[in-house]
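Notes for the structure review
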Amino acid sequence: MKKQNTPLVTDIFTADPSAHVFNDRIYIYPSHDIPHDGEDNDNGDEYQMQDYHVLSMDDKSDEVIDHGEVLHQNQVPWVSEQMWAPDAVYKNNTYYLFFPARDKEGNFRLGIAESSKPEGPFSPRANCIKGSFSIDPCSFIDDDGKVYIYFGGLWGGQLEKYRTGKFDPQGGEPPKNEPAVCPKCGIMKDDMSEFEQLPVDIQIVDENGSPLLSGDEDRRYFEGPWMHKYNGKYYFSYSTGTTHKIVYATSDNPLGPFTYQGVILEPVIGWTTHHSIVEYHGKWYLFYHDCEYSKGINHRRCVKYCELKYNSDGTIQTITPQYN
Ligand code: FUB
């Protein structure tokens, strides 16, 4: 297997890794950062991605295969720009790639592309998912075959602009002493054509059952949701954005409420942090990105991975980023 805590590939910049095991191999669905010289801003204009590559690896060698470009924005009729963090799921003998991008009006929406192979290429649908908005879709398939799409991101990802249920260009985060903006979840119809019903809020609460507050920047949701199951419990993990941590909350129900548990990954080099968690051959791995290779340039990120360990009570051991 590739050496831990080193970039999976360095000939392209990659970020936001969604890792899954398909056919006994780990497939990674990352964003593909474009290395321009523009400035950073709070709207995420520096993240100018236009296409997706798929990476894959196994534990028989240290080789990571880049399967090349599998989808470009020019192929997707509804997209104008910014193909951000994708994810993939296998259902109905099809690999579905879920991805966010700005539509022709400049609003983020979620799209779907399909393939018969995990490494693509993927054929996009002509329209985005009806009722979708914001960014960072995580496509989780439960043991009963239901597919849940967790999504949402603040600031550039526009999540706070939907607090009234509709897009409000002036919409902002709530005052610091009010409940934080919630991530969303839509359940797909069995035929994967669209959401079964409008997406719902995913509540994240503290140990007393109170919603995390908007001012609680060490714990409240910012972006980058991931869902995995361990010993029958649902683990919802995400980035805290402004405090740069990957944290998690657990529940007995995939729609929550989720109770905050702790930190999975301490801040990495670079503003954003975004991860996935996958089990492979009896061990658990955290896939993440950082900006070590580009010496801290926020939009030139590299995907890495490391082992993730649980304590006997099911809590996750906090990882401090290691640099080689
Ligand atoms: O890669 C662009 C954005 O940066 C993602 O959508 C966020 O999760 C953050 O990693």
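As named in an unreviewed UniProt entry, the protein chain is Alpha-N-arabinofuranosidase, taken from Pseudobutyrivibrio ruminis. In its Sequence similarities (unreviewed entry) section, UniProt records this for the protein chain: "Belongs to the glycosyl hydrolase 43 family."

Some thoughts on the overall build of the protein chain
Looking only at helices and strands, the protein chain features zero helices and 21 strands. Expected size for 324 residues packed as a compact globule is a radius of gyration near 20 Å; at 18 Å, the protein chain falls within 12% of this value. Each of the three principal axes of the protein chain carries a C-alpha extent, and together these read 50 × 50 × 45 Å. With 324 residues in all, the protein chain has 59% of them scored as buried. A separation of at least 24 residues holds for 54% of the contacts in the protein chain among residues at least 6 apart in sequence. Charge centroids of the protein chain, computed over 29 positive and 49 negative side chains, lie 1 Å from each other.

Some remarks on the environment of I65
Structurally, I65 is set in strand β4 (residues 64-72). Along the sequence, I65 and L8 sit 57 residues apart, while their C-alpha atoms lie 9.1 Å from each other. Ignoring sequence-local partners within four residues, the contact set of I65 consists of R25, V54, L55 and S56.

Some details on the layout of surface pockets
Of the volumes computed, that of the largest pocket is approximately 400 Å³. Taken together, 20 residues make up the lining of the largest pocket; nearest its centre are H20, F140, I141, M227 and V278. Counting only elements with at least two residues in the lining of the largest pocket, the list comes to β1 (13-22), β6 (87-91), β10 (138-141), β15 (223-230) and β19 (275-280). When the residues that make up the lining of the largest pocket are grouped by side-chain class, the tally is 13 nonpolar, three polar and four charged.

Quick word on the site of the ligand
All residues in the neighbourhood of the ligand are listed as D16, Y47, M49, W84, A85, I135, D136, E223, T272, H274, H289 and R301. For the ligand, an oxygen atom lies 2.5 Å from a polar atom in the side chain of D16. When isolated, the ligand has an accessible area of 280 Å², and the protein chains bury 99% of it. By residue class, the composition of the shell around the ligand is five nonpolar, three polar and four charged.

Some details on the nonpolar core
F98, Y150, F236, L286 and L308 are the most contacted members of the largest nonpolar core, which totals 54 residues. Filtering out sequence-adjacent residues up to four positions away, Y150 remains in contact with D136, P137, C138, F140, K184, C185, I202, P225, M227, F236 and P254. Counting residues in each nonpolar core, the second largest holds 18 residues, with L71, V79, M83 and Y95 among its members.

A word on empty space enclosed by the protein
Overall, the coordinates contain two cavities of 30 Å³ or more when judged by the stated rule. Size it by volume and the largest cavity reaches roughly 80 Å³. What lines the largest cavity is P179, A180, V181, C182, P183, I202, Q203, I204, P211, L212, R220 and Y221. By residue class, the composition of the lining of the largest cavity is 10 nonpolar, one polar and one charged. Approximately 50 Å³ is the volume found for the second largest cavity. In the lining of the second largest cavity, the residues fall into six nonpolar, two polar and one charged.

What counts and what doesn't
Residues numbered from 1 in each chain as written. Predicted model: local features only at pLDDT ≥ 70, side-chain atom pairs only at ≥ 80, totals over all residues. Heavy atoms only, no water. UniProt positions renumbered as here; feature names shortened; annotations may be inferred. Helix = DSSP H or I, 4+ residues; strand = E, 2+ residues; numbered from the N terminus. Rg over C-alpha atoms; globule rule 2.2 N^0.38 Å. Buried < 20%, exposed > 50% of the residue type's maximum accessible area, 1.4 Å probe, protein only. Contact = heavy atoms within 4.5 Å. Lys, Arg positive; Asp, Glu negative; His and termini not counted. Charge placed at Lys NZ, Arg CZ, Asp CG, Glu CD. 1 Å grid on protein atoms, 1.4 Å probe; cavity = no way out; pocket = protein on both sides within 12 Å on 5 of 7 lines; lining within 4 Å. Points joined across faces, edges and corners; volume = space filled by probe spheres on them. Nonpolar A, V, L, I, M, F, W, Y, C, P; charged D, E, K, R; others polar. Near = heavy atom within 4 Å. Polar contact = N/O pair within 3.5 Å; in protein donor to acceptor, adjacent residues only side chain to side chain. Areas by Shrake-Rupley, 256 points an atom, 1.4 Å probe, with all protein chains shown as cover. Core = buried A, V, L, I, M, F, W, Y, C linked by side-chain atoms within 4.5 Å.

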